[in-house]
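Understanding the architecture of this molecule
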Amino acid sequence: MELIGGCYEQILFGFAVRPAENWAVVPDFTHHAHSASLSAVAVNDRYVVTGSRDETMQIYDLKKRVEHGALLQHNGTISCLEFYGKTHLLSGAEDGLICIWNTKKWECLKSIKAHRGHVTSLSIHPSGRLALSVGTDRTLRTWNLVEGRSAFIKNLKQNAHLVKWSPSGELYVVVIANKVDIYKLETAAVSGTIVTEKRVSSVRFITDCILAIAGDEEFVRLFDCESQNCLCEYKAHENRIKDIHSFEREGLHVLVTASSDGYIKMWSLDPDKIKSSPSLLCEVNTKARLTCLAVWLKSDSEAKQTSTEVKASSSQIGEEPLIKKKKICWTNSDKTAEGDGQGASKKLKSTNLQQKKKKILQRLK
């Protein structure tokens, strides 16, 4: 198990977690991943993909411990990334595009003009046949991934910045500022609304009925999706929470939180005793301003791999992605990860990639 975190300081962190050893956390690597802050990270059973304000996506092979390459299809900050199993990755960015990638050859199978403004969030249905996206054009869009086209468009009163499917795919939530709307798939209508005091930065389904919500404050709250009642709240950090993640391992429900205070923490949840505060399993101080979070579950991801695959169109649109292979300098496990980038690996030395980054940095200035 590996905790993966990205930060404003352009660093990608990796921490190995050992559940058999009282959930010991060991620094695994730090990598100077981008030339600007990291904005998104996604993992499957083999790869970690990061997105950044430098308009690039970087691919890392966690099994071989090498940097696999860079994808340069988007123009603008990469806002969201999500894998579907071993075969496909979806990416969204400020250019309004959603790109569908084949993860074997890392080819862009389809580039869709998804929103008139920025793509702010996307989520793939558990079946792999549908996806949802929201953007700054005040729309919620449903995508048919089998045919690679739009299936439904719903106008929203305000810009939404998060969308997420439930584990069964029967529910989904749309987040606008501090409001969380819960939708039922069969009716495509709002079945309930949760309103918080502060802006919501991350949502995660613990089960189909329990939703974890975190935002611009120190607390995590667990809600019942049917009644919209708050089941539990607890102080998780000393600063605002940037991202949360959840998974189930051997009957244990685990919630992972990342905060601007630099800490990544793992919490044990008992759905049968949800009103009691979760217990802290472990924590690690990255000494950085965290922006995004993912958890690599090597064994579990293969065991729970769904049989249905995304059947995206094989037609290729746009430029061919630039893919170069380079080695990563992985730190020894006894070295402490520093937020200032000490011990980080060297930047990519590809001439084409450096030229691209220089142009991007000029535009950012």
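Residues numbered from 1 in each chain as written. Predicted model: local features only at pLDDT ≥ 70, side-chain atom pairs only at ≥ 80, totals over all residues. Heavy atoms only, no water.

1. Re the overall build of the protein chain
Counting secondary structure elements, the protein chain contains two helices and 29 strands. When the 365 residues of the protein chain are sorted by exposure, 57% land in the buried category. Within the protein chain, counting contacts between residues at least 6 apart in sequence, those at least 24 apart form 48% of the total. Summing over all exposed atoms, the protein chain offers an accessible surface of approximately 15800 Å²; the carbon and sulfur share of this is 44%. (Helix = DSSP H or I, 4+ residues; strand = E, 2+ residues; numbered from the N terminus. Buried < 20%, exposed > 50% of the residue type's maximum accessible area, 1.4 Å probe, protein only. Contact = heavy atoms within 4.5 Å. Areas by Shrake-Rupley, 256 points an atom, 1.4 Å probe, with all protein chains shown as cover.)

2. Quick word on the UniProt feature "repeat: WD" (unreviewed entry) in the protein chain
UniProt feature "repeat: WD" (unreviewed entry): in the numbering of this structure it lies at residues 31–63, 71–111, 112–153 and 234–277. Helix and strand shares over residues 31–63 are 0% and 58% respectively, and the end C-alpha atoms of the span are 16 Å apart. (UniProt positions renumbered as here; feature names shortened; annotations may be inferred.)

3. Thoughts on empty space enclosed by the protein
Summed over all chains, the structure comprises two cavities of 30 Å³ or more. Its volume calculated, the largest cavity comes out at about 60 Å³. Lining the largest cavity are T196, K198, R199, V200, I213, A214, G215, E217, F219 and R221. Counting only elements with at least two residues in the lining of the largest cavity, the list comes to β21 (210–215) and β22 (219–224). When its volume is computed, the second largest cavity comes out at roughly 40 Å³. When contributions to the lining of the second largest cavity are tallied by element, the ones reaching two or more residues are β10 (97–102) and β13 (130–135). For the lining of the second largest cavity, the element with the most residues is β13, which contributes three residues. Of the residues that constitute the lining of the second largest cavity, the class distribution is nine nonpolar, one polar and no charged. (1 Å grid on protein atoms, 1.4 Å probe; cavity = no way out; pocket = protein on both sides within 12 Å on 5 of 7 lines; lining within 4 Å. Points joined across faces, edges and corners; volume = space filled by probe spheres on them. Nonpolar A, V, L, I, M, F, W, Y, C, P; charged D, E, K, R; others polar.)

4. Notes on the nonpolar core
Core analysis: the largest hydrophobic core is formed by 21 residues, its most contacted members being M1, L3, F247, V256, I264 and M266. Secondary-structure elements contributing two or more residues to this core are β1 (2–7), β2 (11–18), β25 (252–259), β26 (263–269), β27 (279–285) and β28 (290–296). Per-element accounting of this core gives the leading share, four residues, to β2. Ignoring any residue separated from it by four or fewer positions in sequence, one finds M266 in contact with M1, L3, V17, W23, F247, V254, L255, V256, S279, L280, L281 and C282. (Core = buried A, V, L, I, M, F, W, Y, C linked by side-chain atoms within 4.5 Å.)

5. Things to note about the packing of aromatic side chains
Here the structure, examined in full by the defined rule, presents five aromatic pairs. Taking 5.3 Å as the distance between ring centres and 85° as the angle between the ring planes, the aromatic pair formed by Y47 and W106 counts as edge-to-face. With Y47 in strand β5 (residues 47–52) and W106 in the loop between β10 and β11 (107–113), this pair connects stretches of sequence that are 59 residues apart. The same class applies to Y47 and to W106, which are both buried. One aromatic cluster is present, built from ring pairs that chain together W165, Y172 and Y183. (Phe/Tyr/Trp six-rings, centres within 6.5 Å; stacked < 30°, edge-to-face > 60°.)

6. Some details on the sheet that holds β11
If you trace the four strands from one edge of the open sheet to the other, you get β8-β9-β10-β11, paired in antiparallel fashion. Every interior strand has two partners, whereas the edge strands, β8 (78–84) and β11, have only one. Direction aside, the axes of adjacent strands within the sheet are offset by 20° on average. With six bridges joining them, β10 and β11 adopt antiparallel strand pairing. (Pairing = 2+ DSSP bridges. Axes fitted to C-alpha atoms, helices over the stretch in contact; angles between N-to-C directions.)

7. Regarding the pattern of salt bridges
Overall, the coordinates contain 13 salt bridges when judged by the stated rule. Among the charged side chains, a network of salt bridges with common partners joins E2, D28 and R65. (Salt bridge = Lys/Arg side-chain N within 4 Å of Asp/Glu carboxyl O.)

8. Focus on the pairing of strand β23 (residues 230–235)
By the bridge criterion, five bridges tie β22 to β23 in an arrangement that is antiparallel. Directly across from R221, in β23, lies its bridge partner E233. Counting the residues in the hairpin turn of β22 and β23 gives five residues, including Q228, whose phi is positive at 65°.

9. Here we look at the environment of L109
You can see L109 is positioned in strand β11. Take L109: its relative accessible area is 10%, and that puts it in the buried class.

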